[in-house]
Amino acid sequence: MNEKTRRVEQFLNIVSDLGCELNERSRVLDFGCGNGNIVNEYSMKGYQAFGCDIAFKEGDHVERLKSENLIRLIQRDPYMLPFEDNYFDFVVSDQVFEHVSDYSSALKEIMRVLKPGGFSLHMFPSRYRIIETHVHVPFASVIQNYWWLLMWTYFGTRKKEQVGIPREKIATQNYEYLRNHTNYLSAFEIRNHISKYFHRIKFCEKEFLKYSE
């Protein structure tokens, strides 16, 4: 079982534990689908699976999924998911919301495309993770000052593609990426945003850990 298959199984087990059942007629949306691999996994399990993103990454299934209109680009201005109202039974995202600058617009659209009685599951990386995975700098999800990022370059901290680049340029790249492309919120802030659009909210760390073995 590959990593993508394991991840889909984990998510399906979590929603089942939470009392949210899917069947072969269920429509699933992968919000922030990247290269569409997860959409393909849900399709292989028999679900009517779709994906959307602001841009697609390279992958084995991208061109086919695009041609079949199974993955679609998100409209940016005004922000809108490319699906009709009340269309999905389940909306899922995996470490996407740390890149969402406007939670209200995203959540409002997710609510719009969900059917009455539909549900969603979103995995948020911890704001207090030791290593920020995009720049590989310790605690950079919280400490995003230039001096902090520069200091770690002196210890050799950098991504593969940054090897050989001057330290100041690495720190600048990391600073700009974190400031412009990440938005790490606390659990309190996340709940506050979600509660404006959804009344039933549950943090499911226990279920996540149960199926992470």
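What comes next concerns the included structure. None of these values were measured; they are calculated from a predicted model.

Counting its secondary structure elements, the chain contains eight helices and seven strands. Expected size for 213 residues packed as a compact globule is a radius of gyration near 17 Å; at 18 Å, the chain falls within 12% of this value. Across its three principal directions, the C-alpha atoms of the chain cover 55 × 40 × 40 Å. Taken over 213 residues, the chain has a buried fraction of 42%.

As a further point, take the pattern of salt bridges. Two side chains of opposite charge can pair, provided their charged atoms sit close to one another. Going through the model one piece at a time under the given rule, you end up with 12 salt bridges. Here Glu 207 ties to Lys 202 by a salt bridge, and the two come within 3.9 Å at their closest N and O atoms. When its relative accessible area of 9% is taken as the criterion, Glu 207 is described as buried. Each of Asp 85, Glu 109 and Arg 112 takes part in one network of salt bridges that share partners.

To continue, consider a nonpolar patch on the surface. Residues Ile 130, Ile 131 and Phe 139 make up a contiguous nonpolar surface patch of roughly 280 Å² in combined accessible area. Within the element layout of this structure, Phe 139 appears in the loop between strand S7 (114-123) and helix H5 (146-153).

Attention shifts here to the side chain of Asp 30. For Asp 30, the location among the structural elements is in strand S1 (residues 27-31). Of the side chains with opposite charge, Lys 4 comes closest to the buried, unpaired Asp 30, at an N-O distance of 7.8 Å. Once residues within four sequence positions are removed from consideration, Asp 30 is found in contact with Ile 38, Val 39, Phe 50, Gly 51, Cys 52, Val 92 and Ser 93.

To continue, consider the nonpolar core. Core analysis: the biggest nonpolar cluster contains 47 residues, and Leu 29, Phe 31, Tyr 42, Leu 81, Phe 83, Phe 88 and Phe 90 have the highest contact counts within it. With residues up to four places along the chain from it excluded, the contact list for Phe 88 reads Arg 27, Val 28, Leu 29, Phe 50, Phe 83, Val 113, Leu 114 and Lys 115. Of all hydrophobic cores here, the second largest spans eight residues; its members include Val 135, Val 137, Ala 140 and Ala 171.

One open sheet holds the five strands; their spatial order is S3-S2-S1-S6-S7, and the pairing between them is parallel. The sheet is open, and its two borders are formed by strand S3 (71-73) and S7, each paired with just one other strand. The sheet shows a mean angle of 20° between the axes of neighbouring strands, direction not considered. The pairing of S1 with strand S2 (residues 48-53) spans five bridges and is classified as parallel. Within S2, the residue paired with Leu 29 across the bridge is Phe 50. Against the sheet, helix H4 (residues 103-113) makes contact with S1, strand S6 (88-94) and S7, and its axis sits at roughly 135° relative to S7, the strand it touches most.

Another point: the environment of Phe 208. Looking at the element boundaries, Phe 208 is found in helix H8 (residues 205-210). Overall, Phe 208 belongs to the partly exposed group, its relative accessible area being 24%. Ignoring any residue separated from it by four or fewer positions in sequence, one finds Phe 208 in contact with Arg 7, Gln 10, Ile 14 and Met 123.

Another point: the packing of aromatic side chains. On inspection of all chains with the given rule, the structure shows 14 aromatic pairs. Arranged with centres 5.3 Å apart and planes meeting at 50°, the rings of Trp 152 and Phe 155 form a pair that is tilted. Joined through ring pairs, the aromatic side chains of Phe 31, Phe 97, Tyr 103 and Phe 124 make up one cluster.

Cut-offs used in this document
- What you see as residue numbers is a count from 1 along each chain, following the sequence as written.
- Where totals are concerned, whole chains, interfaces and linings use all residues; where local detail is concerned, this predicted model gives features only for residues with pLDDT of at least 70, and gives and counts side-chain atom pairs only at 80 or more.
- For side-chain calculations, the full set of non-hydrogen atoms in the structure is used, while hydrogens and water are omitted.
- Secondary structure elements follow DSSP: runs of H or I of four or more residues count as helices, runs of E of two or more count as strands, with numbering from the N terminus.
- Both definitions apply: the radius of gyration is a C-alpha atom measure, and the globule rule equals 2.2 Å times residues to the power 0.38.
- Only protein chains enter the accessibility calculation, which uses a 1.4 Å probe. A residue is then buried if its area is under 20% of the maximum for its type, exposed if over 50%, and partly exposed in between.
- For this analysis, a salt bridge means a side-chain nitrogen from Lys or Arg found within 4 Å of a carboxyl oxygen belonging to Asp or Glu.
- A patch is a set of surface residues, each over 30% in relative accessible area and not in a salt bridge, joined within 9 Å for like charges and within 5 Å for the nonpolar side chains Val, Leu, Ile, Met, Phe, Trp and Tyr.
- All accessible areas in this document rest on Shrake-Rupley with a 1.4 Å probe, and a residue is counted as covered only by the protein chains that are shown.
- When charges are counted, Lys and Arg are positive and Asp and Glu negative, with His and the chain ends excluded.
- Here, two residues are considered to be in contact whenever any of their heavy atoms come within 4.5 Å of each other.
- Residues grouped as a nonpolar core are buried Ala, Val, Leu, Ile, Met, Phe, Trp, Tyr and Cys residues, joined through side-chain atoms within 4.5 Å.
- When DSSP finds two or more bridges between two strands, those strands count as paired.
- The axes used here are C-alpha line fits, helices contributing only the stretch in contact, and every angle between their N-to-C directions lies in the interval 0 to 180 degrees.
- Stacked, tilted and edge-to-face are the three classes assigned to paired rings of Phe, Tyr and Trp, where Trp is represented by its six-membered ring and a pair needs centres within 6.5 Å; plane angles under 30 degrees give stacked, over 60 edge-to-face, the rest tilted.

Distances and angles like these do not, on their own, reveal function.
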